Structure formats: structure tokens, C-alpha cells
Amino acid sequence: MSDETSQAIVTSVDDRGVARLTISRPEKMNALDTEANYGIKAAMEEWSKRDDVRVIVIDGAGGSFSAGADVVSIISQSTANGSSGLDPNQARGIISAGSELARAVRSAQVPVIASVDGPAAGIGASLALAADLIYTTKRSYFLLAFINIGLMPDGGASMLFTSAVGRVRANELALLGEKLRAPEAFAAGLVNGVYEDRPGLDEAVDKVAAKLAGKSRSALRLTKSALDAHTMSGFEAAIERELEGQTELLQSPEFQAAIAAFAGKK
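In what follows, the accompanying structure is described. (Residues numbered from 1 in each chain as written. Predicted model: local features only at pLDDT ≥ 70, side-chain atom pairs only at ≥ 80, totals over all residues. Heavy atoms only, no water.)

## Some points on the packing of aromatic side chains
- Under the counting rule described, the total for this entry stands at one aromatic pair.
- Ring geometry for tyrosine 135 versus tyrosine 195: centroids 6.5 Å apart, planes at 45°, classification tilted. Of the two residues, tyrosine 135 sits in strand S7 (residues 133–137) while tyrosine 195 sits in strand S10 (residues 193–195), which places them 60 residues apart along the sequence.
- Judged by its relative accessible area of 9%, tyrosine 135 is buried.
- On the basis of relative accessible area, tyrosine 195 is assigned to the partly exposed category, the value being 28%.
- Sitting over the ring of tyrosine 141, lysine 179 keeps its end group 4.4 Å from the ring centre. (Phe/Tyr/Trp six-rings, centres within 6.5 Å; stacked < 30°, edge-to-face > 60°. Helix = DSSP H or I, 4+ residues; strand = E, 2+ residues; numbered from the N terminus. Buried < 20%, exposed > 50% of the residue type's maximum accessible area, 1.4 Å probe, protein only. Lys NZ or Arg CZ within 6 Å of the ring centre and 35° of its normal.)

This is the structure in C-alpha cells:
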């Protein structure tokens, strides 16, 4: 087994061909900062090129999958130049980073499993939904929290959630910004399985990963591509719409007020 560790992520590949990426910022509920974004994208790209990798598992450390983007980092960027908000280039860069995460997962040449324990919120929810198979613990939930701070879904979430649960339920999640708990997510067809606790989740995911690792890599790649052609055809268009809309919203007075309030609480 090979292992690599940074301050933001831990990666490994075992002798079965199962690659694992753990988001490891438990003190921040695994909120994604620049280092984590880069590490996830780089790992996906590397593993896609390796013939010995048959399946990828993404999870989070410390009882959270990911709380979304690191808002503290966004606040720092918005005030670094002494201005009261982000300029268009800064805003576009922030959203592009999140979009590239989801794109890297969808571009992986092998199946990707999201192993979700705890909250998957904001871009963390987008990252989980970009996976091919999604398993959770009972205490987990998905939250499109964007609307609560004056933003819109990004990372492909506007398409990923709609394709999984349908237009009406996706509207409810995106417009109201309320939690979708794991049992409800399973009933809605958003996830493949729900388990009592983390040990149960880990055991189930390992069995699925082992089963996939025993199959033809070429067959997995071509099957994933064929399925995506029917179910993910709107993904790139969604990314572009989100990029334009979110760039505008990141510069809005509503978002600036929301992050000022967040900074005050911190």
C-alpha cells in the first residue's frame, strides 16, 4: 500500500487497486480550502492515469464528509486588498476551483464511491453527488446551504441533484436550503445505501470497492462513460451557468452581509 499525507488530505492505494482519499480537516468539519481543492483534483487526475487503480473512495475524517467551502478563506480573500468585496476575477476563481473538483470526479476513468459520514454541505454536497456510488451513515445529511448566504448551488449541484431526485424535490432543497437527512436521501434515490454507524459504512464500502476492483478496468471505464452519456449530458452546461451566476452573487451586497455576519460570529 502507498500512502501520502498533506495537512488537508490523506491518500492511499492498496494492493487490490482501491484508492482512498480522505479529506482531513476535522477541526473545520473538512471545509475545503485551496490546499484541499488542489489535492483532490491532483489525486483524481493521477489515479485516472494509473492502470493499477480500479476504484476510488472519497471520505472525510472526524465525523464530517465536508462542510463545504472554507468561508473563512473566502472572507480573507475578500478583504485582502482592502476592498469591501471580491472583484470579478477573484469571484470567478473561487467558483472555478469548486467546479474543477466535481469535474475531476466525473472525469475519473474508474468508478468513484463517496463514503459520507456526517454533513455533506455546499460544495461538499456537490463533491459527494459527483461520485458514481454514494453510501452514508444514518446521521448524515446533505445541505445545499448556498441560498442561506445569498448564493446559488455550484460544483454542478444544480444538475446533479435534479437528475437524482427530480425537479420538484431539487427545487425544495436548493430554494429552501434545508437538510436532506440520509434516510430521506435514500428514499429519494439520492444515495445507494444507509448504514447505522461509521464501522458499518466502512465495511459496506470496502465490500463494494473490492467487488469493483475485481472487474475489468476497461469495462468499468466504458460502462461509466455510457451511463454518463445518458444521465450527465447537462453537466458541463450546468457548470457554466453556475459559474456565471455565482460570480455575480459573490460580489452582491447580500453575500457580503452574510460573510460579515459569519466573521462577527467567529
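## A short note on the nonpolar core
- In terms of nonpolar packing, the biggest core is built from 62 residues, with Ile56 and Phe142 touching the most fellow members.
- Sorting elements by how many residues they give to this core places helix H3 (residues 88–107) first, with seven residues.
- In this structure phenylalanine 142 touches Ala120, Ala128, Leu129, Ile134, Thr136, Phe161, Glu178, Lys179, Leu180, Ala185, Leu190 and Val191, once residues within four positions along its chain are discounted.
- Grouped together as the second largest cluster of nonpolar side chains are twelve residues, Val55, Val205, Ala209 and Leu220 included. (Core = buried A, V, L, I, M, F, W, Y, C linked by side-chain atoms within 4.5 Å. Contact = heavy atoms within 4.5 Å.)

## Here we look at the environment of valine 110
- Note on placement: valine 110 falls in the loop between H3 and strand S5 (112–116).
- Along the sequence, valine 110 and glycine 39 sit 71 residues apart, while their C-alpha atoms lie 18 Å from each other.
- Beyond its immediate stretch of four places on either side in the chain, valine 110 contacts Val53, Arg54, Val55, Ile56, Asp132, Arg217 and Lys224.

## Considerations on the pairing of strand S3 (residues 18–23)
- Of all six residues in S3, five are buried, a share of seventy percent or more.
- Both strand S2 (residues 9–13) and S3 contribute to a ladder of five bridges, which runs antiparallel. Bridging across to S3, valine 13 finds its partner in alanine 19.
- With antiparallel pairing between neighbouring strands as the criterion, S2 and S3 make up a hairpin whose turn holds four residues, including glycine 17 at a positive phi of roughly 95°.
- You can see the chain leave S3, run along helix H1 (residues 34–49) and come back into strand S4 (residues 55–60), and the turn it takes is right-handed. (Pairing = 2+ DSSP bridges. Right-handed = clockwise from strand over helix to strand, strands pointing away.)

## Points about the side chain of glutamine 256
- Examined against the element boundaries, glutamine 256 turns out to sit in helix H11 (residues 253–265).
- A distance of 3.1 Å separates a polar side-chain atom of glutamine 256 from the backbone oxygen of leucine 250. (Polar contact = N/O pair within 3.5 Å; in protein donor to acceptor, adjacent residues only side chain to side chain.)

## Examining the packing of H3 against helix H10 (residues 235–249)
- At a minimum axis separation of 9 Å, H3 and H10 run at an interaxial angle of 155°. Here H10 runs roughly antiparallel to H3, going by the angle between their axes. With respect to the hand of their crossing, H3 and H10 are arranged in right-handed fashion. Taking contact as the criterion, the partners of Pro88, Ala91, Arg92, Ile95, Ser96, Ser99, Ala102, Arg103 and Arg106 in H3 are, on H10, Phe235, Glu236, Ile239, Glu240, Glu242, Leu243, Glu244, Gln246 and Thr247. (Axes fitted to C-alpha atoms, helices over the stretch in contact; angles between N-to-C directions. Parallel < 35°, antiparallel > 145°, perpendicular 65-115°, else oblique. Left-handed = near helix turned anticlockwise from the far one by under 90°.)

## Examining the pattern of salt bridges
- This model, assessed by the stated rule, comprises 22 salt bridges.
- Beyond isolated ion pairs, a larger network of salt bridges with shared partners links Arg20, Asp59, Asp117, Arg139, Arg198 and Asp202. (Salt bridge = Lys/Arg side-chain N within 4 Å of Asp/Glu carboxyl O.)

## Some remarks on the packing of H1 against H3
- The contact between H1 and H3 brings their axes to 9 Å, and the two run at 20°. By the angle between their directions, the pair H1 and H3 is classed as roughly parallel. The handedness of the crossing between H1 and H3 is left-handed. When H1 is examined against H3, the residues Asn37, Ile40, Lys41, Met44 and Ser48 are found in contact with a partner set consisting of Ala97, Glu100, Leu101, Ala104, Val105 and Ser107.
- A per-class count over the contact of H1 with H3 returns six nonpolar, three polar and two charged. (Nonpolar A, V, L, I, M, F, W, Y, C, P; charged D, E, K, R; others polar.)

## What to know about the side chain of aspartate 59
- For aspartate 59, the location among the structural elements is in strand S4.
- At a separation of 2.6 Å, a polar atom in the side chain of aspartate 59 contacts the side chain of threonine 22.
- Here the side chain of aspartate 59 touches arginine 198 through a polar contact of 3.0 Å, side chain to side chain.
- Other than its neighbours up to four places away in sequence, aspartate 59 contacts Arg20, Leu21, Thr22, Ile23, Phe65, Ser115 and Arg198.

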